[in-house]
Amino acid sequence: MLMPILQVESEEIPEYALVCGDPRRAAAIAEKLDNVRELAFAREYRTFVGEYGGVKLAVVSHGVGCPGAAVCFEELIRAGVKTLIRVGTAGSYSTDNPAGSLVISTAAIRTDGLTRQLVPDGFPAVADSDVVNALYAAAQEIKGDTVVRKGMTVTLDVFYNGIEEFPHKKWKAAGALAVEMEISALYVIASLRSVRAGAIVALDGYADADLAADYDPHTDVVGQAVEREIQAALNALVRLSTEDSTHLNPPC
Ligand SMILES: O=P(O)(O)O[C@H]1O[C@H](CO)[C@@H](O)[C@H]1O
Ligand SMILES: O=c1cc[nH]c(=O)[nH]1
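Labelled according to an unreviewed UniProt entry, the protein chain appears under the name Uridine phosphorylase, originating from Paenibacillus cellulosilyticus. For the protein chain, the Catalytic activity (unreviewed entry) comment in UniProt is given as "uridine + phosphate = alpha-D-ribose 1-phosphate + uracil".

Below is the structure:
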């Protein structure tokens, strides 16, 4: 069946997927795959399929913001994806986690408008614990001198503010580590559709104006962190796939 917005046939889509905002990041991830094929590039959604460590996966860009990303997540799940990992960037809330650090999001604070229109206020946006554990273990293995944290992130609709203040101080006080723009949609939709999801983000600077240096997601240190999170996410999928086959075929 043709997925109308991604413009991919569901029969072509495997059970595992990496998703990211930037179509160029999707292409960079795809370069690491074996037997890679580009299936479509429709709007901001660029879709590749290939294999990594023997695991078949899709790599798809979802653009900026929850509404557009939600379309991508929904169509991937309708096409048969059962495990999604977002490989993103985020702004840091603390000088303990400078640009170049990695954060694995255990849950997203839902300040976005999209999930409010899908579920009531008390509904959590929470990651799958197996995916979090696989990402954390994979990130520890390849981290080098990179700071790797796991904890809450904030999903916000706003990148450039208007006359309202950013809510960063409040969410930092509540324990959030970083802010980005799509994880709440991913976690809520994954829960509603009974699939599992997780996210790893490379910190590209400070979101909080009191800490802020100029925002620049194109520095070497951010580039290296993105490279590391891609590797961690691919290795995490291999771990999850191995665990999945062990559960399906337990040793006698
Ligand atoms: O790096 P990606 O995955 O695009 O994610 C972050 O970067 C974009 C903002 O520049 C937003 O989409 C935010 O969530
Ligand atoms: O949404 C985002 C993404 C990266 N960095 C930020 O400060 N905000």
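Following the structure, the description resumes.
Novice: Please clarify how the overall build of the protein chain should be interpreted in this entry.
Specialist: Across its full length, the protein chain carries six helices and eleven strands. In summary, the protein chain has a C-alpha radius of gyration of 17 Å against a globular reference of 18 Å for 252 residues, a match within 12%. Taken over the C-alpha atoms alone, the protein chain extends approximately 55 × 40 × 35 Å along its principal axes. Counting across all 252 residues of the protein chain, residues that qualify as buried make up 49%. Here the analysis covers contacts within the protein chain between residues at least 6 apart in sequence; of these, 77% occur between residues at least 24 apart.

Novice: How should the environment of I200 be read in this particular structure?
Specialist: Relative to the helices and strands, I200 is located in strand 11 (residues 196-206). For the pair I200 and L135, spaced 65 residues apart in the sequence, the C-alpha separation amounts to 7.4 Å.

Novice: What is the right way to look at helix 3 (residues 129-142) in this model?
Specialist: Three- or four-residue spacings in an α-helix give side chains the same orientation, since the helix completes a turn every 3.6 residues. Taking 1.5 Å of rise per residue, the 14 residues of helix 3 would be expected to cover 20 Å, and the 20 Å separating its terminal C-alpha atoms lies within 8% of that figure. Burial in helix 3 covers these residues: V131, V132, A134, L135, Y136, A138 and A139. In this structure, the buried residues of helix 3 make contact with strand 7 (83-92), strand 8 (102-110), strand 9 (148-155), strand 11 and helix 6 (220-248). Immediately downstream of helix 3, the backbone of G144 shows phi near 60°, a positive value.

Novice: Is there a simple way to explain the site of ligand 2 in this structure?
Specialist: Around ligand 2, the surrounding shell consists of T89, A90, G91, F159, V179, E180, M181, D204 and A207. Going through the elements one at a time, strand 7 and strand 10 (178-180) are the ones with two or more residues in the shell around ligand 2. Counting residues per element, the shell around ligand 2 draws most heavily on strand 7, at three residues. Classifying every residue of the shell around ligand 2 gives five nonpolar, two polar and two charged.

Novice: In this structure, what is going on with the nonpolar core? I would like to understand it.
Specialist: Taken as a class, soluble globular proteins show a tendency for nonpolar side chains to be buried jointly. Core analysis: the largest hydrophobic core is formed by 87 residues, its most contacted members being L76, I85, L135, I200 and A233. Among the elements that line this core, the one with the most residues is helix 6, at nine residues. Setting aside residues no more than four positions away along its own chain, L76 makes contact with I13, A17, A58, V60, V81 and L84.

Novice: Even after reading the chapter, I still don't get the site of ligand 1, so can you show me in this structure?
Specialist: Around ligand 1 lies a shell formed by C20, G21, D22, V64, G88, T89, F159, E180, M181 and E182. When the residues that make up the shell around ligand 1 are grouped by side-chain class, the tally is four nonpolar, three polar and three charged.

Novice: What is the right way to read the environment of A99 from this model?
Specialist: Tracing the backbone through its elements, the reader meets A99 in the loop between strand 7 and strand 8. Expressed as a C-alpha distance, the spacing of A99 and V222, which sit 123 residues apart in the sequence, is 6.4 Å. Those residues in contact with A99 that sit more than four places away from it in its chain are L203, D204, G205, T219, V221 and V222.

Novice: Hey, could you run me through the pairing of strand 4 (residues 34-42) in this one?
Specialist: On a regular strand, one side chain projects to one face of the sheet and the next to the other, so that they alternate. Direction of pairing for strand 4 relative to strand 5 (residues 45-52): antiparallel, over a ladder of six bridges. The partner of F41 across the bridge, within strand 5, is R46. Taking the residues between adjacent antiparallel strands as the criterion, strand 4 and strand 5 are bridged by two residues, where R43 takes a positive phi near 50°.

Novice: Looking at this structure, I do not really get the packing of helix 3 against helix 6. What am I missing?
Specialist: Any two packed helices are characterised by how steeply their axes cross, that is the angle between the axes, and by the distance between the axes. In the contact formed by helix 3 and helix 6, the axes pass within 8 Å of each other and the chain directions differ by 130°. The pairing of helix 3 with helix 6 is recorded here as oblique in orientation. In terms of crossing hand, the pair formed by helix 3 and helix 6 is right-handed. Contacts between helix 3 and helix 6 involve D130, V131, A134, L135, A137, A138, A139, E141 and I142 on the former and, on the latter, R228, Q231, A232, A233, N235, A236, R239, L240 and E243. Among the residues forming the contact of helix 3 with helix 6, the class breakdown is eleven nonpolar, two polar and five charged.

Calculation criteria
Residues numbered from 1 in each chain as written. Chains lettered and ligands numbered in written order. Predicted model: local features only at pLDDT ≥ 70, side-chain atom pairs only at ≥ 80, totals over all residues. UniProt positions renumbered as here; feature names shortened; annotations may be inferred. Helix = DSSP H or I, 4+ residues; strand = E, 2+ residues; numbered from the N terminus. Rg over C-alpha atoms; globule rule 2.2 N^0.38 Å. Buried ≥ 20, exposed ≤ 12 C-beta atoms within 10 Å, placed from the backbone. Contact = placed C-beta atoms within 7 Å. Expected span 1.5 Å × (residues − 1). Near = placed C-beta within 6 Å. Nonpolar A, V, L, I, M, F, W, Y, C, P; charged D, E, K, R; others polar. Core = buried A, V, L, I, M, F, W, Y, C linked by C-beta atoms within 7 Å. Pairing = 2+ DSSP bridges. Axes fitted to C-alpha atoms, helices over the stretch in contact; angles between N-to-C directions. Parallel < 35°, antiparallel > 145°, perpendicular 65-115°, else oblique. Left-handed = near helix turned anticlockwise from the far one by under 90°.

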